[in-house]
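Here is what each chain is made of, one letter per residue.
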Amino acid sequence: MSELHKFLFDGLPVRGMLVRLTDAWREVLTRREPGQQFPPELRHLLGEMSAAAVLMQSNIKFNGALVLQIMGDGPVKLAVAEAQHDLSFRATAKCVGEVAPGAGLEAMLNVSGQGRCVITLDPKDKFPGQQPYQGVVPLHDDQREPLHKLSEVLEHYMLQSEQLDTKLVLAANDEIAAGLLIQRLPVEGEANLEGKRNEDDIGLSEAFNRISILASTLTPEELLTLDADTVLRRLFWQEPTTRFEPLTPSFACTCSRERVANMLRGLGRQESDELLAERGEVEVGCDFCGRHYRFDAVDVGQLFAGSNDQPAGSSTLQ
């Protein structure tokens with residue numbers, strides 16, 4: 001069963017989380033139709049993104065959707081993982097070219113250095129006029145050197161956007177997607193009025209660095225093959241920790257017939273009728289879960305009954 005473990009390092013402003021997506025991750029992969037499976041390199045990237053999205057969602061306790069997207073200029077144009085406040089998640093990608101065997105993040109999404117990582121927080125219950133929060137970082141560091149791993153991109157994002165020191169270890173295969181997150185929490189009064197760190201602040205930084213170094217020794221193979229108790233015991237056996245009851249992430253898709261209907265209304269009556277004339281019905285498939293929604297002429301007529309048949313703006317199925 002998929003599980004997420006939270007823990008605190010006693011006496012230190014450092015927290016950690018370990019996630020292992022097993023049955024839930026395999027459910028994501030089995031939803032792809034025969035012949036539509038992504039290449040292994042992209043599947044494993046999506047697994048890492050799924051683990052990261054669940055970790056970040058649990059980290060902020062946000063009542064809404066956290067959407068992690070990487071937009072690129074390589075054979076993969078878009079990779080998406082979305083986690084809800086209940087730790088249900090889904091993932092998909094748009095792949096338009098051939099992914100070379102062994103291709104990494106740069107070869108798949110950042111061939112010309114134009115790749116971007118976008119993290120969106122979309123509240124469940126928005127106020128009128130409220131827009132989702134969105135943070136964007138490039139797939140390179142401050143010296144414009146390419147970042148080769150998703151973990152490096154997200155560490156860079158957390159430092160740039162949240163000013164939080166973070167260590168992230170991610171790994172995935174076709175059976176398991178897993179991740180370990182270590183993060184230093186902000187402490188009130190970390191710096192004095194002159195901007196210099198006092199001895200306590202230095203000690204806290206050294207403690208985080210020590211724990212971060214320990215976390216970095218975790219190999220992808222260990223992360224994928226060892227259970228959570230073994231991983232945490234091997235890494236932090238000298239560090240007193242407080243652990244909390246594990247949580248259970250799950251696969252779930254938020255698509256619905258109503259959302260597809262709204263998308264068709266956004267297309268407008270003319271385009272919907274053209275699709276009907278061409279195919280006899282309008283069929284829309286969800287890229288996340290593989291479910292298909294079909295609308296015949298009567299259904300489409302009901303969608304636009306009483307409207308002026310004008311496009312209401314674009315919409316996407318998410």
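Residues numbered from 1 in each chain as written. Predicted model: local features only at pLDDT ≥ 70, side-chain atom pairs only at ≥ 80, totals over all residues. Heavy atoms only, no water.

What exactly am I supposed to notice about the sheet that holds strand β10 (residues 241–243) here?
What holds strands together in a sheet is hydrogen bonding between their backbones, with the strands either parallel or antiparallel. Ordered by their spatial adjacency, 5 strands build an open sheet running β8-β9-β2-β1-β10, and the pairing between neighbours is antiparallel. Because the sheet does not close on itself, it has two edges, and the strands there are β8 (166–172) and β10. Strand after strand, the sheet turns through a mean of 15° between neighbouring axes, direction not considered. As paired elements, strand β1 (residues 3–9) and strand β2 (residues 14–21) share 6 bridges and run antiparallel to each other. Across the sheet, residue Leu4 finds its bridge partner in β2, namely Val19. Running over the sheet, helix α4 (residues 150–162) touches β8 and β9 (177–184) and is turned about 155° from β8. (Pairing = 2+ DSSP bridges. Helix = DSSP H or I, 4+ residues; strand = E, 2+ residues; numbered from the N terminus. Axes fitted to C-alpha atoms, helices over the stretch in contact; angles between N-to-C directions. Contact = heavy atoms within 4.5 Å.)

How do you make sense of the sheet that holds strand β11 (residues 250–251) when you look at a structure like this?
The mixed open sheet is built from 6 strands, whose spatial order is β7-β6-β3-β4-β5-β11. Whereas interior strands pair on both sides, the edge strands pair on one side only; in this sheet they are β7 (133–138) and β11. As judged from the 6 bridges shared by strand β6 (residues 116–123) and β7, these two strands associate in the antiparallel manner. In the sheet register, Val118 faces β7, and the bridge partner there is Val136. Packing of α4 onto the sheet brings it into contact with β3 (64–71), β6 and β7, and relative to β7 it is tilted by some 125°.

Please explain the pairing of strand β4 (residues 76–83) as it appears in this structure.
A regular strand carries its side chains on alternate faces of the sheet. Along β4, 6 of the 8 residues are buried, which leaves the element largely enclosed by surrounding structure. Pairing between β3 and β4: 6 bridges, direction antiparallel. Within β4, the residue paired with Gln69 across the bridge is Val80. Where β3 folds back on β4, the antiparallel hairpin that results is connected by 4 residues. Bridge analysis of β4 against strand β5 (residues 88–95) gives 7 bridges, and the strand direction is antiparallel. Within β5, the position partnered with Ala83 by the bridge is Phe89. Connecting β4 to the antiparallel partner β5 that follows it, the hairpin turn spans 4 residues, and Leu87 within it adopts a positive phi of roughly 70°. (Buried < 20%, exposed > 50% of the residue type's maximum accessible area, 1.4 Å probe, protein only.)

Mind showing me how you'd approach the pattern of salt bridges here?
As enumerated under the stated definition, the model contains 11 salt bridges in all. Several salt bridges share partner residues, and in doing so they unite Glu281, Glu283 and Arg294 into one network. (Salt bridge = Lys/Arg side-chain N within 4 Å of Asp/Glu carboxyl O.)

What is the right way to read empty space enclosed by the protein from this model?
To find the voids left in a structure, one rolls a probe of water-molecule size over its atoms. Tallying each qualifying case throughout the model produces 1 cavity of 30 Å³ or more. Taken as a whole, the largest cavity encloses approximately 50 Å³ of empty space. Along the walls of the largest cavity sit Trp25, Val28, Leu29, Arg32, Phe38, Leu46, Ala91, Thr92, Asp287 and Phe288, which together make up its complete lining. Taken together, the elements giving at least two residues each to the lining of the largest cavity come down to α1 (23–30) and β5. Counting residues per element, the lining of the largest cavity draws most heavily on α1, which supplies 3 residues. Residue classes in the lining of the largest cavity are distributed as 7 nonpolar, 1 polar and 2 charged. (1 Å grid on protein atoms, 1.4 Å probe; cavity = no way out; pocket = protein on both sides within 12 Å on 5 of 7 lines; lining within 4 Å. Points joined across faces, edges and corners; volume = space filled by probe spheres on them. Nonpolar A, V, L, I, M, F, W, Y, C, P; charged D, E, K, R; others polar.)

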